[in-house]
Amino acid sequence: MQITCSKGDILQSQADLIVIGVYENEDWDNPFLTRVNELINGKLTKLAKTQEFSGKIEESLLLSAKNGIASDYLLILGLGSQTANDLIGFRDACGIAVQTARRLGSQIIAIEFFGEDSDTFQATATAQAMAESFLIASYNFDVYKTKKDLSTITAVTIIGENSHDVKKAKNGIEKARLIADGVTVARDLVNTPAQDMTPTRLSQVAKEITQISKGSVKIKLFDKEKCKKKNMNAFLAVAQGSNEPPFFIELIYKPSKPAKKIIALVGKGITFDSGGLSLKPGQHMETMKCDMAGAATVLGVFSTLARLNPRVEIHGYIAATENMPSGNAIRPGDIVCASNNTTIEIANTDAEGRLTLADAFIQAQKIKPDYLVDLATLTGACMVALGEEVAGLMSNNRDFATTLLEKAQTAGELLWELPLVASYDKLIKSEVADVKNIPSVPYGGVLTAGLFLQRFIGPNQIWAHIDIAGPAFAEREFASYLTKGATGYGVRTLIKWIESM
Ligand code: BES
Ligand code: ZN
Ligand code: ZN
């Protein structure tokens, strides 16, 4: 799909579908809407009334275009409040444009450059959000379908009125393409069934990323033997029930100029979570190919770094394994010793993510990163707390938490902070080991998981944990531009943060 921005009169665009936006409470008598009204024979307000359109987010009004309009259809979309100062309405509107074009079989879309008349509008950011939404909304995972879903849209032109803005928009569109490519990498990895997305395959993908990186990304790959030598016994305990060999992956990006900071990104990489001997009930297991979504986000980000070219050194860590029941599997009650000599009582083999992350954290801190961030589909409890669309953030550093929340907000990803309640640490005390992998009470499971992870973070290490159990995989459509299945959650926020450093 080609996306461009040019100056012109949207109503005269040669397209199959022309899309314009209307804010909530917009004056229907303004010059532009008056012109639209004239072109469709004066029926605009009447049609708006019958289709209950008032400019709210998610509202749309589809009209068959007449006379002076150079397309078959005119789609009017609600942009929400003009003063909201965020891009949610724009992103949502572009998603509806894609859905409508697909339904109508439209190939070429011309869309108004939203926000040009608003004070808070920034051309680059707006065009980026619009283009991101178009690219993300038109994603399709049909690798395993014999009949492919044909995506009809070939070109989108964003039509602006001001040539200065059009110039800025081009940079935004370029950035959007880079980000959407990273998001697509993550989505494809998560959507691929666990039978094919094994730890071995994840390692191959990591290798492929180094190959397309023009030398800027390198890899260190540890097999089971190497992990044993490194005493990664918490990670290996999870892996021991599976027939698939585990791998510990480290990706390293170094900028050409001296790095300003060092970042460690850790992604949970359970390619399938059956629960192990603490087997999950069938319904809970159905979507567990998504349990490597944190790893997929890290790989998605790394796939863009050679193009993004940030002035920071970035290390990615993935402890990749399945969590399976078998005669070799770890048992509830077993005690393992992580690579920093902390002993862990495994009371429930389904709380496996934190075991693999423990060894990944220890490894990641060896490079003394300025920041360590982990992304993990860690707890169902996070979904109970925040629902399906919002990720949970826990951090030991106020400024870092604030930065990530702000980056997520501008990137259009929902993130909410949760506390690391120090007094809850007693809930993961073990009678027989240094720590237990599940809490002694059935409440606050997202917090005690965060506290477990914190046990493996050194005293001076700035760290943030993002629990993506909800938003990584959409069991229903989250937004017009975020369809069912893998979402690539986190790629947009992390890239926003990395490029701001
Ligand atoms: N992978 C799951 C968490 C999860 C749940 C991810 C739903 C995505 C959607 C994790 O390994 C898990 O099973 N956690 C347990 C922990 C419990 C045993 C303390 C959970 O949340 O039930
Ligand atoms: Zn689990
Ligand atoms: Zn899991």
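These numbers were taken from a predicted model, which means no experiment stands behind them. (Residues numbered from 1 in each chain as written. Chains lettered and ligands numbered in written order. Predicted model: local features only at pLDDT ≥ 70, side-chain atom pairs only at ≥ 80, totals over all residues. Heavy atoms only, no water.)

J.: Help me out: how do you make sense of the overall build of the chain in this one?
T.: A tally of regular secondary structure across the chain gives 15 helices and 19 strands. Relative to the globule expectation of 23 Å for 501 residues, the C-alpha radius of gyration of the chain, 24 Å, shows essentially globular dimensions. Principal-axis analysis of the C-alpha atoms gives the chain an extent of 80 × 50 × 50 Å. Relative to its 501 residues, the chain shows a buried fraction of 57%. Here the analysis covers contacts within the chain between residues at least 6 apart in sequence; of these, 76% occur between residues at least 24 apart. Accessible surface, the chain as shown: approximately 21000 Å² in total, 49% of it carbon and sulfur. Counting 52 positive and 56 negative side-chain charges, the chain places the averaged centre of each group 6 Å from the other. (Helix = DSSP H or I, 4+ residues; strand = E, 2+ residues; numbered from the N terminus. Rg over C-alpha atoms; globule rule 2.2 N^0.38 Å. Buried < 20%, exposed > 50% of the residue type's maximum accessible area, 1.4 Å probe, protein only. Contact = heavy atoms within 4.5 Å. Areas by Shrake-Rupley, 256 points an atom, 1.4 Å probe, with all protein chains shown as cover. Lys, Arg positive; Asp, Glu negative; His and termini not counted. Charge placed at Lys NZ, Arg CZ, Asp CG, Glu CD.)

J.: How do you make sense of the coordination of the zinc ion (ligand 2) when you look at a structure like this?
T.: Tetrahedral metal sites with four donors have an ideal angle of 109.5 degrees; octahedral sites with six donors have ideal angles of 90 or 180 degrees. Protein-derived coordination of the zinc ion (ligand 2) comes from Asp273 (OD), Asp350 (O), Asp350 (OD) and Glu352 (OE), at a distance range of 2.0 to 2.2 Å. Around the zinc ion (ligand 2) sit six donor atoms, and with donor-metal-donor angles ranging over 70 to 168° the site reads as irregular. Counting gaps between the donor residues of the zinc ion (ligand 2) yields the pattern D-x76-D-x1-E. (Donors = N, O, S within 2.8 Å, 3.2 Å for Na, K, Ca; no water. Tetrahedral: all angles 85-135°; square planar, octahedral: opposite > 155°, others 65-115°.)

J.: Is there a simple way to explain helix H6 (residues 199-211) in this structure?
T.: Every α-helix carries 3.6 residues per turn, so stepping three or four residues along brings you back to the same face. Between its first and last C-alpha, H6 extends 19 Å over 13 residues, near the 18 Å set by a 1.5 Å rise per residue. Of the residues making up H6, those classed as buried are Pro199, Leu202, Ser203, Val205, Ala206, Ile209 and Thr210. End-on, the buried residues of H6 take up no more than an arc of 155°, which puts them together on one face. Next to the buried residues of H6 lie helix H5 (163-191), strand E7 (217-222), strand E8 (247-253), strand E9 (262-273), helix H10 (293-308) and strand E10 (313-323). (Expected span 1.5 Å × (residues − 1). Arc of directions from axis to C-beta.)

J.: What exactly am I supposed to notice about the side chain of Lys407 here?
T.: Position of Lys407 relative to the elements: it lies in helix H13 (residues 398-411). Accessibility expressed as a relative area gives 13% for Lys407, which makes it buried. Not counting the four nearest positions on each side in its chain, Lys407 is found in contact with Thr493, Lys496, Trp497 and Ser500.

J.: Please explain the packing of aromatic side chains as it appears in this structure.
T.: The geometry of two aromatic rings is summed up by the distance between their centres and the angle between their planes. The final tally for this structure, using the stated rule, is 11 aromatic pairs. Taking the centre distance of 6.2 Å and the plane angle of 75° together, the rings of Trp28 and Phe53 count as edge-to-face. Taken together, the positions of Trp28 in the loop between strand E2 (17-22) and helix H1 (31-39) and Phe53 in the loop between helix H2 (44-50) and strand E3 (60-64) put the pair 25 residues apart, joining distant regions of the chain. An aromatic cluster is present here, built from Phe222, Phe235, Phe248 and Tyr317 joined pairwise through their rings. (Phe/Tyr/Trp six-rings, centres within 6.5 Å; stacked < 30°, edge-to-face > 60°.)

J.: Would you mind going over the packing of H6 against H10 with me for this structure?
T.: Helix-helix packing: each pair is described by the crossing angle between the helix axes and the interaxial distance. Between H6 and H10, whose axes approach to 10 Å, the crossing angle comes to 15°. Compared by their axis directions, H6 and H10 come out roughly parallel. Every pair of crossing elements has a handedness; the one defined by H6 and H10 is left-handed. Counting all contacts with H6, which are made through Leu202, Val205, Ala206 and Ile209, the residues of H10 involved are Ala295, Leu299, Phe302 and Ser303. Of the residues in the contact of H6 with H10, the class split is seven nonpolar, one polar and no charged. (Axes fitted to C-alpha atoms, helices over the stretch in contact; angles between N-to-C directions. Parallel < 35°, antiparallel > 145°, perpendicular 65-115°, else oblique. Left-handed = near helix turned anticlockwise from the far one by under 90°. Nonpolar A, V, L, I, M, F, W, Y, C, P; charged D, E, K, R; others polar.)

J.: Where do I start with the site of ligand 1 in this structure?
T.: Close to ligand 1 lie 16 residues, the nearest being Lys280, Asp291, Asp350, Glu352 and Gly380. Between ligand 1 and Gly380, the relevant distance is 2.7 Å, taken from an oxygen atom to a main-chain nitrogen or oxygen of the residue. When ligand 1 sits alone it has 520 Å² of accessible area, and the protein chains cover 79% of it. Mapping ligand 1 onto the cavity grids shows that it belongs to the largest pocket. Those elements that place two or more of their residues in the shell around ligand 1 are E9 and helix H12 (380-386). (Near = heavy atom within 4 Å. Polar contact = N/O pair within 3.5 Å; in protein donor to acceptor, adjacent residues only side chain to side chain. 1 Å grid on protein atoms, 1.4 Å probe; cavity = no way out; pocket = protein on both sides within 12 Å on 5 of 7 lines; lining within 4 Å. Sits in = over half its atoms within 2 Å of the grid points.)

J.: Teacher, can you tell me more about the pattern of salt bridges here?
T.: Between side chains of opposite charge, a pair can form as their charged atoms come close. Across all of its chains, the model carries 18 salt bridges by this definition. The closest approach of N and O atoms between Lys496 and Glu499, which form a salt bridge, is 3.6 Å. Of this pair, Lys496 and Glu499 both sit in helix H15 (residues 491-499), three residues apart, roughly one helical turn. Here the salt bridges share partners, and the residues they tie into one network are Lys175, Lys496 and Glu499. (Salt bridge = Lys/Arg side-chain N within 4 Å of Asp/Glu carboxyl O.)

J.: Any chance you could explain the coordination of the zinc ion (ligand 3) here in plain terms?
T.: Lys268 (NZ), Asp273 (OD), Asp291 (OD) and Glu352 (OE) make up the full set of protein donors to the zinc ion (ligand 3), lying at 2.0 to 2.4 Å. Every donor counted, the six donor atoms about the zinc ion (ligand 3) form angles of 77 to 172° at the centre, which fits octahedral coordination. Counting the intervening residues between successive donors of the zinc ion (ligand 3) yields the motif K-x4-D-x17-D-x60-E. A distance of 3.2 Å spans the gap from the zinc ion (ligand 3) to the zinc ion (ligand 2), which Asp273 bridges by coordinating each metal. Here the two residues Lys268 and Asp273 agree in accessibility, since each one is buried.

J.: Teacher, can you tell me more about the pairing of strand E14 (residues 391-395) here?
T.: On a regular strand, each side chain points to the face opposite its neighbour's, so the side chains alternate between the two faces of the sheet. Among the five residues in E14, five count as buried, and that is most of the element. Burial along E14 is two-sided: the residues Ala391, Leu393 and Ser395 and Gly392 and Met394 are all buried. Pairing analysis gives three bridges linking E14 to strand E15 (residues 415-417), with the strands arranged parallel. Along E15, the bridge assignment pairs Leu393 with Glu417. In the classification by handedness, the crossover that spans E14, the intervening H13 and the parallel E15 is right-handed. By the bridge criterion, four bridges tie E14 to strand E17 (residues 463-467) in an arrangement that is antiparallel. Residue pairing in the sheet places Ser395 in a bridge with Ala464 of E17. (Pairing = 2+ DSSP bridges. Right-handed = clockwise from strand over helix to strand, strands pointing away.)

J.: Is there a simple way to think about the layout of surface pockets in this case?
T.: To find leftover empty space, a probe the size of one water molecule is rolled over the atoms. Volume-wise, the largest pocket comes out at about 890 Å³. Lining the largest pocket are 33 residues, with Lys280, Asp350, Thr379, Gly380 and Ala381 positioned closest to its centre. Residue assignment for the lining of the largest pocket shows that the elements contributing at least two residues are E9, helix H9 (282-285), H12 and helix H14 (445-454). Examining the composition of the lining of the largest pocket, we find that four residues originate from one element, H12, more than from any other. Broken down by class, the residue content of the lining of the largest pocket amounts to 14 nonpolar, 10 polar and nine charged. Of the volumes computed, that of the second largest pocket is approximately 560 Å³. Asn85, Asp86, Leu87, Ala125 and Thr126 are the residues nearest the centre of the second largest pocket, which is lined by 29 residues in total. Contributing elements (two or more residues each) for the lining of the second largest pocket: helix H3 (88-104), helix H4 (123-137) and H13. Looking at the lining of the second largest pocket element by element, the count peaks at five residues for H4. A class-by-class count of the residues in the lining of the second largest pocket yields 11 nonpolar, 14 polar and four charged. (Points joined across faces, edges and corners; volume = space filled by probe spheres on them.)

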